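# Secondary and tertiary structure notes
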Amino acid sequence: MRIVRSADTRRTATPAAVMTTLASPTLGGAPFPLWRVEAAPGTAGPLHLIDADQVWAFTAGTAEVEVDGERTEAAAGDTLVVPANAERRFTPGPDGFTAVVAGPAGMRAAMPAAPDAKIDIAWAA
């Protein structure tokens, strides 16, 4: 058994949200990354894609979620499965949102205009 203590989690801030790595291959030796996303109101994320499926479980607040042009609202208690390579954007509701997210190790992000210019996801490493 490996324990990742709260004090040992990693926080990565972007203009859109704060990601807290709860476990990953480099944090606790987890075979798949798990992180928390906390987004404040008025901080819409960029339209982007991830080259792997992700599972988003919303634990607080609401978000407008756009996936490949389809829009829906997610609220606390909702879980979304976002497919690989789908263009996505998460826009926090009036109280922001918190979600716990999982996906496979090694997934990478890109922008729609440059889908082959992939970058590592720091909070999933």
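Going by the structure above, here's the rest.
So, how was this worked out
- Residues numbered from 1 in each chain as written.
- Predicted model: local features only at pLDDT ≥ 70, side-chain atom pairs only at ≥ 80, totals over all residues.
- Heavy atoms only, no water.
- Helix = DSSP H or I, 4+ residues; strand = E, 2+ residues; numbered from the N terminus.
- Polar contact = N/O pair within 3.5 Å; in protein donor to acceptor, adjacent residues only side chain to side chain.
- Contact = heavy atoms within 4.5 Å.
- Core = buried A, V, L, I, M, F, W, Y, C linked by side-chain atoms within 4.5 Å.
- Buried < 20%, exposed > 50% of the residue type's maximum accessible area, 1.4 Å probe, protein only.
- Pairing = 2+ DSSP bridges.
- Salt bridge = Lys/Arg side-chain N within 4 Å of Asp/Glu carboxyl O.
- Phe/Tyr/Trp six-rings, centres within 6.5 Å; stacked < 30°, edge-to-face > 60°.

### Side note on the side chain of T21
- Note on placement: T21 falls in strand β2 (residues 18-23).
- At 2.8 Å, the side chain of T21 and the backbone oxygen of W123 are in polar contact.
- If we skip the residues at most four places from it in the chain, T21 touches T9, R10, L27, L34, W35 and W123.

### Points about the nonpolar core
- In this structure, W56, F58 and F97 are the most contacted members of the largest nonpolar core, which totals 25 residues.
- Of all the secondary-structure elements, those providing two or more residues to this core are β3 (34-39), β5 (54-67), β7 (79-82) and β8 (88-102).
- No other element matches the 5 residues that β5 contributes to this core.
- Excluding residues within four positions of it along the chain, F97 makes contact with V37, E38, A39, W56, F58, A60, G61, T62, A63, F90 and P92.

### A word on the side chain of T98
- With respect to the helices and strands, the residue T98 is situated in strand β8.
- In this structure T98 comes out as buried when scored by relative accessible area, which is 17%.
- Excluding residues within four positions of it along the chain, T98 makes contact with R36, V37, E38, A57, F58, T59 and A60.

### A closer look at the pairing of strand β9 (residues 108-111)
- Pairing between strand β4 (residues 49-50) and β9: 2 bridges, direction antiparallel. The partner of L49 across the bridge, within β9, is A110.
- Bridge count between β9 and strand β10 (residues 114-120): 3 bridges; the pairing is antiparallel. Paired with M111 across the strands is A114, a residue of β10.
- Adjacent in sequence and paired antiparallel, β9 and β10 are bridged by 2 residues.

### What about the pattern of salt bridges?
- Applying the stated criterion across every chain yields a total of 7 salt bridges.
- Note that R11 is salt-bridged to E38, the shortest N-O span being 3.8 Å. Pair noted here: R11 is in strand β1 (residues 10-13) and E38 is in strand β3, with a separation of 27 residues, a long-range link.
- A relative accessible area of 58% places R11 in the exposed class.
- Note that K118 is salt-bridged to D51, the shortest N-O span being 3.6 Å.

### Here's the deal with the pairing of β1
- Of the strand pairs in this sheet, β1 and β2 are connected by 4 bridges, and their pairing is antiparallel. Note on β2: the bridge partner recorded for A13 is V18.

### Notes on the packing of aromatic side chains
- For the structure on display, the rule yields 3 aromatic pairs.
- Taken together, a centroid distance of 6.1 Å and an interplanar angle of 25° make the contact between W56 and F58 stacked.
- Given a relative accessible area of 7%, W56 falls into the buried group.
- A connected cluster of aromatic rings, assembled from ring pairs, spans W56, F58, F90 and F97.

Interpretation note: all reported values are geometric properties and have no functional meaning in isolation.
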